Amino acid sequence: MSNVKAPTPIHLLRSHTSPVAALFVSPDNERIYSGDASGRAVLTSTRTLRAIASWKAHEDGFLGIEEWENGNGIITHGRDNKLHVWNRPDEISITSGIGGSAALPDLPTPTLRFSLDVNALNYCRFSLLPTSIIGSTLLPQNLPSASTSTTDSSSVLPALIALPNLIESSEADVWSLPSCKRLHAAVGKRVKTSIFSENGRTGEDPTGIIMSLHLFETTSSSPQSSKVTPELRVLIAYESGDVTLRRYANIERQASVEGKDWEVIWNTKIHQEAIMAMQVSSDNRFALTVSADHIVGRYDLTVSCASTLQDYSTTFRTKHPGNACIAIRDDGRVCAVGGWDGKVRLYSTKSFKPLGTLKYHKDGCQALRFATSVSTTEQSEHDDHTDEDEDMSVEDNLKRSRWLVSGGKDKRIAIWGLISFAKS
């Protein structure tokens, strides 16, 4: 048993009147984004704990919400089969607000920039890849901007976004933003081909619908050449409990159809039931999954080929079945698992030793997000170059960087102040 005393929430936000379904903390730890089962989004300042914006973003429940373009844009994804991109409102103009109250005053509504029709049958949220290496090599050039865009798209760095296929919910599509052009269609299309799987069978194996996906980039080099080339990969978790890692093998072509040129690196099945949530570490080195069972699966995303299950997957058996969400701290050392019982359990991602249990939510915990970690040195260097933090001390910023934010069916958002969990 862990000797770490379970803390109580240091702050509570009551900005929602429906179950909280999605959370995001801005990379600079300045804003908390939340979306609920009614389609309402709320943007909260982490300094004042007051709502900055509150608006009806979707006609059905939230699947995901995230910042884009260094915080200038907001992406929302709902069960109404819509993905919207909004302009974030100016915080300077906000002079009033009621901290954690659900009785929000009239707040600014972000302006809608453009929308994308999507397939939300899966309950699977989008995966955003702000492009860097691949952005300059794989994205088509001079793509037309979205017709409903309200900003100059020439000043926007393009991104890639992965979503369930528009027709077949067991396949994925990859789109370019802000052009709203589909680059890869039907990734994961089932074909009769031999792949390595846990049960030793080969060929077509129905997986059910996609439950979670993660699009990322890495670099690879061939044995014949020392040249390093960018590689696009997608990790997909399915209703069957399967998890599959694929890579796009043909970097000479900027687009693909019917899943062509998407090679399976590995496929495995740790869970016997549908995967409820999947989270990938910030460095894209490993992923974790949870399900209705008591198991947490860990997967190695760095391998380029695998011959045995031990090469890329590990099974951790906990004592707590029924898990709905999972989050990984950006240093990759600690994860949080949200249960149907409303509790949040902390684990070491390496040994899966329990680190503590957080108890507040009266019903299921459906969303989790860690703040971005900062060190004392990083914070001191930041303070030397800006005067924006006059109202926040170095210690306050360090404490904020150790926050964990949880959202539940009880319509509450809890903010937890965690210890560093650093080795003594």
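The coordinates are above.
Every value quoted in this text rests on a predicted model; they were computed, and no experiment measured them.

Enquirer: Before we go on, may I ask you to explain the overall build of the chain in this structure?
Expert: Each helix and strand counted, the chain has two helices and 28 strands in total. Burial statistics for the chain: of 424 residues in total, 51% are counted as buried. For the chain, the proportion of contacts with a sequence separation of at least 24, taken over those separated by at least 6, is 57%. Of the accessible surface of the chain, which amounts to about 19,400 Å², a share of 48% is contributed by carbon and sulfur atoms.

Enquirer: Looking at this model, I keep getting lost on the sheet that holds strand E23 (residues 334-339). Mind explaining?
Expert: The strands making up a sheet associate through backbone hydrogen bonding, with each pair oriented either parallel or antiparallel. Strands sit in the order E22-E23-E24-E25 across an open sheet of four strands; the sheet is antiparallel. Either end of the sheet is taken by a strand with one partner, and the two such strands are strand E22 (323-328) and strand E25 (354-358). Sheet twist, expressed as the average angle between the axes of neighbouring strands with direction ignored, equals 20°. In this sheet, strand E24 (residues 344-348) lies alongside E23 in antiparallel orientation, the contact comprising five bridges.

Enquirer: Mind showing me how you'd approach the pairing of strand E12 (residues 172-177) here?
Expert: When a strand is regular, its side chains alternate between the sheet's two faces. Among the six residues of E12, six are classified as buried, and the element is accordingly described as predominantly covered. Neither face of E12 is open: one carries Ala 172, Val 174 and Ser 176, the other Asp 173, Trp 175 and Leu 177, and all of them are buried. Strand direction decides the pairing type here: strand E11 (residues 159-164) and E12, joined by six bridges, are antiparallel. Looking at E12, one finds that Pro 164 is bridged to Ala 172. Sheet topology note: the E12/strand E13 (residues 181-187) ladder contains four bridges and is antiparallel. In the strand pairing of E13, Trp 175 is matched with Arg 182. Hairpin connection from E12 to E13: three residues lie between these consecutive antiparallel strands, with Cys 180 at a positive phi of about 55°.

Enquirer: Got a minute to help me understand the packing of aromatic side chains in this structure?
Expert: The description of an aromatic ring pair rests on the distance of the ring centres and on the angle between the ring planes. Going through the model one piece at a time under the given rule, you end up with seven aromatic pairs. Between Trp 266 and Tyr 312, the ring centres sit 4.6 Å apart and the planes meet at 10°, which makes this aromatic pair stacked. Here Trp 266 is found in strand E17 (residues 262-269), whereas its partner Tyr 312 is found in the loop between strand E20 (295-300) and strand E21 (313-317), with 46 residues between them in sequence. Like Tyr 312, Trp 266 is buried. Ring centres of Phe 316 and Phe 352 lie 4.3 Å apart, and the angle between their planes is 25°; this geometry places the pair in the stacked category. Separated by 36 residues along the polypeptide, Phe 316 in strand E21 and Phe 352 in the loop between E24 and E25 bring together distant segments of the chain. Here the two residues Phe 316 and Phe 352 agree in accessibility, since each one is buried. Every member of this aromatic cluster is reached through a ring pair, and the members are Trp 266, Tyr 299 and Tyr 312.

Enquirer: In this structure, what is going on with empty space enclosed by the protein? I would like to understand it.
Expert: Inspection of the entire model under this criterion finds one cavity of 30 Å³ or more. Approximately 30 Å³ is the volume found for the largest cavity. Lining the largest cavity are Val 25, Asn 29, Ile 32, Thr 46, Ala 371, Arg 400, Trp 403 and Val 405. Looking at side-chain class alone, the lining of the largest cavity contains five nonpolar, two polar and one charged residues.

Enquirer: Explanation requested: the side chain of Ser 169 in the structure shown.
Expert: Position of Ser 169 among the secondary structure elements: in the loop between E11 and E12. The buried category is assigned to Ser 169, whose relative accessible area is 6%. Side chain to side chain, Ser 169 and Asn 119 meet in a polar contact 2.9 Å long. If sequence neighbours within four positions are ignored, Ser 169 has contacts with Asn 119, Leu 121, Asn 122, Ile 209 and Ile 210.

Enquirer: What's the story with the environment of Ile 167 in this structure? I'm lost.
Expert: Tracing the chain through its elements places Ile 167 in the loop between E11 and E12. Along the primary structure Ile 167 and Ala 186 are separated by 19 residues, whereas in three dimensions their C-alpha atoms are 9.0 Å apart.

Enquirer: Would you explain the sheet that holds strand E2 (residues 20-25) in this entry?
Expert: Read from one edge to the other, the open sheet built from four strands follows the order E2-E3-E4-E5, with strand pairing classed as antiparallel. At either margin of the open sheet sits one strand with a lone partner, and together these are E2 and strand E5 (51-56). In this sheet, adjacent strand axes meet at a mean angle of 15° when their direction is disregarded. Across five bridges, the pairing between strand E3 (residues 31-36) and strand E4 (residues 40-45) is antiparallel. Each residue of the ladder has a partner; that of Ile 32, found in E4, is Thr 44.

Enquirer: I would appreciate a short explanation of the pattern of salt bridges in the present structure.
Expert: Two side chains carrying opposite charge are able to pair once their charged atoms lie near each other. The final tally for this structure, using the stated rule, is twelve salt bridges. In this structure, Arg 233 and Glu 231 form a salt bridge, with 2.6 Å as the shortest nitrogen-oxygen distance.

Enquirer: Where do I start with the environment of Glu 171 in this structure?
Expert: Mapped onto the secondary structure, Glu 171 falls in the loop between E11 and E12. For the pair Glu 171 and Ile 210, spaced 39 residues apart in sequence, the C-alpha to C-alpha distance is 7.0 Å. Excluding residues that lie within four positions of it along the chain, Glu 171 makes contacts with Leu 163, Pro 164, Asn 165, Ala 186, Val 187, Gly 188, Lys 189, Arg 190 and Ile 210.

Enquirer: What exactly am I supposed to notice about unusual backbone geometry here?
Expert: Trans is the prevailing form of peptide bonds, just as negative phi is the prevailing case for residues other than glycine. For the bond running from Leu 177 to Pro 178, omega is 10°, close enough to zero to count as cis. By secondary structure assignment, the location of Pro 178 is in the loop between E12 and E13. Residues other than glycine seldom take positive phi values, yet Tyr 123 does so here, at roughly 65°. Residue placement: Tyr 123 occurs in the loop between strand E9 (111-117) and strand E10 (127-130). When its relative accessible area of 53% is taken as the criterion, Tyr 123 is described as exposed. Its identity as a non-glycine residue notwithstanding, Ala 186 has a phi of 60°, on the positive side. Positionally, Ala 186 belongs in strand E13. The exposure class assigned to Ala 186 is buried, which follows from its relative accessible area of 8%.

Thresholds, definitions, all that
- Residues numbered from 1 in each chain as written.
- Predicted model: local features only at pLDDT ≥ 70, side-chain atom pairs only at ≥ 80, totals over all residues.
- Heavy atoms only, no water.
- Helix = DSSP H or I, 4+ residues; strand = E, 2+ residues; numbered from the N terminus.
- Buried < 20%, exposed > 50% of the residue type's maximum accessible area, 1.4 Å probe, protein only.
- Contact = heavy atoms within 4.5 Å.
- Areas by Shrake-Rupley, 256 points an atom, 1.4 Å probe, with all protein chains shown as cover.
- Pairing = 2+ DSSP bridges.
- Axes fitted to C-alpha atoms, helices over the stretch in contact; angles between N-to-C directions.
- Phe/Tyr/Trp six-rings, centres within 6.5 Å; stacked < 30°, edge-to-face > 60°.
- 1 Å grid on protein atoms, 1.4 Å probe; cavity = no way out; pocket = protein on both sides within 12 Å on 5 of 7 lines; lining within 4 Å.
- Points joined across faces, edges and corners; volume = space filled by probe spheres on them.
- Nonpolar A, V, L, I, M, F, W, Y, C, P; charged D, E, K, R; others polar.
- Polar contact = N/O pair within 3.5 Å; in protein donor to acceptor, adjacent residues only side chain to side chain.
- Salt bridge = Lys/Arg side-chain N within 4 Å of Asp/Glu carboxyl O.

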